[in-house]
Amino acid sequence: MNNCYLPEGMLLHSPENKEYISSPAGLERAMREGKILESTVLLCDSDLRLHVDLYGIRGIIERRDAVYCRRGEELKDIAIITRVGKPVCFKVIGFSKLNGETVALLSRRAAQEECIRNYLADLIPGDLVRAKVTHMESFGAFVDIGCGVASLLSVDSISVSRISHPSDRLSVGDSIYTVIKAIDRQQERIFVSMRELLGTWEENAALFQVGQTVAGIVRSIESYGVFIELAPNLAGLAELREGTDDHSIAQVGSCVAVYIKNIIPNRMKIKLVLIDTYKGEPPHATTRYFIDCENTAHMDTWRYSPLASQKVIETIF
């Protein structure tokens, strides 16, 4: 996955970036070479200009240069204000005087337009891209897929195991891999998915054996049993037993210990027995990818269900 247009913050501490932004001469060279750089926003003034830390010289991003807007989209002040304290990408477009001080004129919009033109415009469904979680809503997570350009990772595309909110799986600031799910060229919107990278049913089930007692997370409670997530793309069912306190053990979101009673590949079922709850680090807190995301550029199809299963769950890009 060779891509120089990374999510914001990933260039910040690179030696090349530091070299360019640490002196006026470096900034002038970056302007001549058309380099995309990064630094941190110090403040947003009353004219909605972003002031950027450039190690001894002040960088200014005018309001009109702060954000790329899609066709028909209005530039909202909140999109500028929320950049304070965060890394932003930019291109150096000139130098000027502000209250007697020499400042570097920067454009985040220009960097984003270059990213769209040279990278995002060539993407197709099935391409793998780096992403960074920027904020979350109940319906999904918004992720930066390059130079601050946002894409939607819907909640149902995060994993096969059902979750009620993206925060069940992700945190703001997480650096993740995603795959292009769909592209709306007319509206200039890109949608991504993650579940295709988290393994098939068989790949996940192979991590467990009948007779083991393992950790899981309660995801839903039904009249016939409790669905417990063993891995992001794998869940099992624990039937509620009469004469037990399973109802009090089972609370959505709680960490539980479960006994694996049976694994049935042709039905994609794992039968579990609830043992106990526990407090502490939830299982699989670190995302595990089942393909080499760094060296895989594209995938055409993905089949989650085993070939022996009558139920087919797959993605065709």
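For every chain, the first residue of its written sequence is number 1, and the numbers climb from 1 along that sequence. Given that this is a predicted model, residues contribute local features only at a pLDDT of at least 70 and side-chain atom pairs are listed and counted only at 80 or more, while totals for whole chains, interfaces and linings are drawn from all residues. Just so you know, side-chain values use all the structure's heavy atoms and leave hydrogens and water out.

Colleague: Sorry, what's going on with the pattern of salt bridges here?
Modeller: If the charged atoms of two oppositely charged side chains come close together, the side chains can form a pair. By salt bridge we mean one thing: a side-chain nitrogen of Lys or Arg within 4 Å of a carboxyl oxygen of Asp or Glu. The tally for this structure, following the rule as stated, stands at 18 salt bridges. The residue Asp45 makes a salt bridge to Arg49 at a minimum N-O spacing of 2.9 Å. Each of the two residues, Asp45 as well as Arg49, counts as buried. Arg58 is paired through a salt bridge with Glu101; the nearest N and O atoms lie 3.8 Å apart. Of the two residues, Arg58 sits in strand β3 (residues 58-61) while Glu101 sits in strand β5 (residues 101-107), which places them 43 residues apart along the sequence. Here's how the labels work: a residue is buried when its accessible area is under 20% of the maximum for its type, exposed when over 50%, partly exposed in between, all with a 1.4 Å probe on protein chains only. Since its relative accessible area comes to 27%, Arg58 is described here as partly exposed. Classification of Glu101 as partly exposed rests on a relative accessible area of 34%. Connected via shared salt-bridge partners are Glu8, Arg83 and Arg108. The secondary structure listing takes helices from DSSP runs of H or I that are at least 4 residues long and strands from runs of E that are at least 2 residues long, numbered from the N terminus.

Colleague: Looking at this structure, how should I read the side chain of Ser159?
Modeller: Turning to its location among the elements, Ser159 is positioned in the loop between β8 (150-154) and β9 (175-184). The class for Ser159 is buried, based on a relative accessible area of 3%. Counting of polar contacts relies on pairs of N or O atoms within 3.5 Å, with two restrictions inside protein: one atom must be capable of donating a hydrogen and the other of accepting it, and residues adjacent in sequence are counted only when both atoms are side-chain atoms. A polar contact is formed between the side chain of Ser159 and the side chain of Arg169, at a distance of 2.8 Å. Within the structure, the side chain of Ser159 is placed 3.4 Å from the backbone oxygen of Pro232, a separation counted as a polar contact. Any two residues having at least one pair of non-hydrogen atoms within 4.5 Å are treated as being in contact. If we skip the residues at most four places from it in the chain, Ser159 touches Arg169, Arg195, Leu198, Pro232 and Asn233.

Colleague: Just checking my understanding: could you explain a positive patch on the surface for this structure?
Modeller: Think of a patch as exposed residues, more than 30% relative accessible area, with no salt bridge, where like charges cluster within 9 Å and nonpolar side chains (Val, Leu, Ile, Met, Phe, Trp, Tyr) cluster within 5 Å. Method for areas: the Shrake-Rupley scheme with a 1.4 Å probe, in which residue coverage is limited to the protein chains shown. For this count, His and the chain ends are skipped, Lys and Arg are scored as positive, and Asp and Glu as negative. Charge coordinates come from a single atom per side chain, which is NZ of Lys, CZ of Arg, CG of Asp or CD of Glu. On the surface, Arg162, Lys261, Arg267, Lys269, Lys271 and Lys311 cluster together into a positively charged patch. Tracing the backbone through its elements, the reader meets Lys261 in strand β14 (residues 255-264). Since its relative accessible area comes to 55%, Lys261 is described here as exposed.

Colleague: How should I be thinking about the sheet that holds strand β2 (residues 50-53) in this particular structure?
Modeller: The strands that make up a sheet pair up through hydrogen bonds in the backbone, lying either parallel or antiparallel. Judged by pairing direction, the barrel is mixed, and its 5 strands sit side by side in the order β1-β2-β3-β5-β4 before closing back on the first. Put simply, the sheet's adjacent strands are angled 50 degrees from each other on average, direction ignored. Taken strand by strand, helix α2 (residues 24-33) contacts β1 (37-44), β4 (87-98) and β5, and its axis lies near 110 degrees from that of β4. Contacts between helix α4 (residues 108-118) and the sheet are confined to β3, β4 and β5, with β4 contributing the most and set at about 135 degrees to the helix. Strand pairing is assigned whenever DSSP identifies at least 2 bridges connecting the two strands. Axes here mean lines fitted to C-alpha atoms, for a helix over just the part in contact, with angles spanning 0 to 180 degrees between N-to-C directions.

Colleague: What is the right way to read the packing of aromatic side chains from this model?
Modeller: Aromatic rings considered in pairs are described by the distance between their centres and by the relative angle of their planes. The rule is short: rings of Phe, Tyr and Trp, with Trp giving its six-membered ring, pair when the centres are within 6.5 Å, and they are stacked under 30 degrees, edge-to-face over 60, tilted in between. In total, this model carries 5 aromatic pairs according to the counting rule given. Seen from their ring centres, Tyr5 and Tyr119 are 6.3 Å apart, and the 20 degrees between their planes marks the pair as stacked. Taken as a pair, Tyr5 in the segment before α1 (15-21) and Tyr119 in the loop between α4 and β6 (128-137) lie far apart in primary sequence, 114 residues in all. There is no split in this pair, since Tyr5 and Tyr119 are both buried. Between Tyr224 and Phe227, the ring centres sit 6.1 Å apart and the planes meet at 90 degrees, which makes this aromatic pair edge-to-face. Overall, Tyr224 belongs to the partly exposed group, its relative accessible area being 49%.

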